[in-house]
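A closer look at the structure
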Amino acid sequence: MSFLKRRTILLSGAATALLAVFGGLIAMLQRKGVLTMSESTEKNLANIMTPKEHHWVGNGFFVSTIFSVFDIDYKLISPFVLMDHADTKYFPPTDEKLGVGEHPHRGFETVTFAIKGEVEHRDSGGGGGVITTGGVQWMTAASGVVHDEFHSREFAKSGGDFSMVQLWVNLPAKDKMNKPRYQSLDFESFKKVVLEGGKAEASLIAGELAGETGPAKTHTKMNIYRLKANQDLEMQLPLHQGFTSLLFVIEGGLEVSSQKVSARSLAALEREGTHATIKLTKGSEILVLNGEPIDEPIVHYGPFVMNTEDEIRQAIADFQAGKMGTLVEESGS
Ligand code: MN
């Protein structure tokens with residue numbers, strides 16, 4: 001986008017005369033869309049996405065797809081591609097491996113939020129490890145990885161409540177064939193941001209909030225954080241003009257644009273606007289996804305998200321030829 005955002009004009013006595021001269025120029029630039037003023041405007045609710053029927057991913061993840069490019073116009077959710085939610089489910093202790101075996105990805109990032117329980121992962125790019133409760137695994141598949149995803153051995157052995165979110169984040173065309181990257185981010189690494197005098201607290205994963213910066217490295221601009229209400233509250237959530245803004249209710253209840261959004265549902269806001277006025281009940285928690293859309297065509301097929309049909313055909317061929325790597329077989333168990 002070429003126009004200037006958030007340009008603020010400050011007025012003083014002496015500036016008033018100058019303003020008369022520049023006023024006409026500014027009005028013209030605004031009409032042409034070159035200049036936009038930093039007015040604070042409300043981002044309204046566009047629609048509520050409710051959870052779809054649950055399905056098993058492997059034998060460890062009982063998920064409901066909240067949104068996906070398979071059934072929504074990508075333009076409405078870009079740069080996000082898909083979001084699966086495994087709602088809290090008790091798993092009894094077991095020695096079995098619970099999860100999903102070797103499968104490929106190319107052209108985007110899988111971001112896994114361990115809400116409760118632990119997820120273990122290995123990939124052909126050399127990434128791997130355990131994400132413990134509250135942590136996030138940010139895997140940039142880019143040119144391609146093969147990976148597996150399981151409940152951690154330790155968690156499976158002791159059993160317990162398991163809950164997670166997996167988000168697919170698209171990559172711009174220029175980064176789709178980069179080398180894969182793996183970021184393991186534990187809960188302690190997130191910036192804790194106290195808001196509304198302590199009524200709310202955010203755990204900042206990526207991007208910015210109230211002058212703080214989250215630890216996750218991203219390829220396009222986005223702000224991702226978990227926001228928890230310590231008491232009933234109403235607040236203005238800072239969001240970006242022109243960004244996709246999605247509020248997923250992990251727990252409790254949210255109200256936006258006078259509409260109630262219940263747990264496990266997602267409020268998709270309009271692109272227009274700089275903030276949203278939200279109400280949260282005490283103990284509620286939401287996941288805020290606020291990202292700059294990637295205005296490029298996409299073609300997706302299963303675990304591949306590319307820009308053209310040819311690139312999809314190439315992805316399939318490369319995977320079949322073993323070019324996305326393989327996982328070393330584990331001996332014994
Ligand atoms: Mn995967």
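Residues numbered from 1 in each chain as written. Predicted model: local features only at pLDDT ≥ 70, side-chain atom pairs only at ≥ 80, totals over all residues.

The next point concerns the overall build of the protein chain. Looking only at helices and strands, the protein chain features four helices and 28 strands. In the protein chain, which comprises 333 residues, the proportion classed as buried is 37%. Considering only contacts within the protein chain whose residues lie at least 6 apart along the sequence, 72% involve residues at least 24 apart. (Helix = DSSP H or I, 4+ residues; strand = E, 2+ residues; numbered from the N terminus. Buried ≥ 20, exposed ≤ 12 C-beta atoms within 10 Å, placed from the backbone. Contact = placed C-beta atoms within 7 Å.)

Attention now goes to unusual backbone geometry. Here the residue pair Ser-78 and Pro-79 is connected by a cis peptide bond, since its omega of 15 degrees sits within 30 degrees of zero. One non-glycine residue, Ala-142, lies in positive phi territory at about 45 degrees. Relative to the elements of secondary structure, Ala-142 occurs in the loop between strand S11 (136-140) and strand S12 (145-151). The residue Ser-258 is not glycine, and still its phi comes out positive at about 60 degrees. Relative to the elements of secondary structure, Ser-258 occurs in the loop between strand S22 (253-256) and strand S23 (259-262).

Bringing the environment of Ser-124 into the picture now. Residue position: Ser-124 is located in the loop between strand S9 (119-123) and strand S10 (128-131). Classification of Ser-124 as buried rests on a count of 20 C-beta atoms within 10 Å. Those residues in contact with Ser-124 that lie beyond four places of it in its chain are Val-145, Val-146, His-147, Met-324, Gly-325, Thr-326 and Leu-327.

In this structure, Phe-80, Leu-247, Phe-248, Leu-254, Ile-286 and Val-288 are the most contacted members of the largest nonpolar core, which totals 74 residues. It is strand S13 (residues 160-170) that contributes the most residues to this core, six residues altogether. Split by domain, the residues of this core number at least three in each of domain 1 (51-189 + 308-324) and domain 2 (190-293). (Core = buried A, V, L, I, M, F, W, Y, C linked by C-beta atoms within 7 Å. Domains from an automatic or database assignment.)

Summarising the sheet, strand S5 (residues 61-68) and strand S6 (residues 80-91) pair through four bridges and their orientation is antiparallel. The residue of S6 that forms the bridge with Ser-68 is Leu-82. Pairing of S6 with S13, which is carried by nine bridges, proceeds in the antiparallel orientation. Bridge assignment links Asp-84 to a residue of S13, and that residue is Gln-166. (Pairing = 2+ DSSP bridges.)

A word on the sheet that holds strand S25 (residues 275-280). Spatially, four strands are ordered S20-S25-S22-S23 in an open sheet, and the strand pairing comes out antiparallel. Among the strands making up the open sheet, the edge pair consists of strand S20 (233-238) and S23. This sheet shows a mean twist of 30 degrees between the axes of neighbouring strands, independent of strand direction. As judged from the three bridges shared by S22 and S25, these two strands associate in the antiparallel manner. Counterpart to Glu-255 in the pairing with S25 is Lys-279. (Axes fitted to C-alpha atoms, helices over the stretch in contact; angles between N-to-C directions.)

Now for the pairing of S23. Sheet analysis places S22 next to S23, joined by four bridges and oriented antiparallel. Counterpart to Leu-254 in the pairing with S23 is Val-261.

Let's shift gears to the confidence of the model for the protein chain. Averaged over all residues, the pLDDT of the protein chain is 90; the fraction at 70 or higher stands at 87%. When the criterion is pLDDT under 50, residues 1-11 qualifies, and its contacts beyond four places in sequence or with other chains add up to 14 contacts. (pLDDT = per-residue confidence, 0-100.)

Okay, the sheet that holds S10 next. With antiparallel pairing, the four strands of this open sheet are ordered in space as S7-S12-S9-S10. Only two strands of the sheet have a single partner each, and these edge strands are strand S7 (99-105) and S10. On average, adjacent strands in this sheet sit at an angle of 15 degrees to one another, irrespective of strand direction. The pairing of S9 with S10 spans four bridges and is classified as antiparallel.

Relative to the 16 Å expected for twelve residues at 1.5 Å per residue, helix H4 (residues 309-320) spans 17 Å between its end C-alpha atoms, a close match to the ideal helical length. Within the sequence span of H4, burial applies to Ile-312, Ala-315 and Phe-319. Here the buried residues of H4 occupy an arc of 55 degrees about the axis, which is enough to place them on one side. Along H4, exposed side chains directed more than 90 degrees from the buried face belong to Asp-310, Ala-317 and Gln-320. Packed against the buried residues of H4 are S7, strand S27 (299-301) and strand S28 (304-306). Directly after H4, the chain includes Gly-322, whose backbone phi takes a positive value near 80 degrees. (Expected span 1.5 Å × (residues − 1). Arc of directions from axis to C-beta.)

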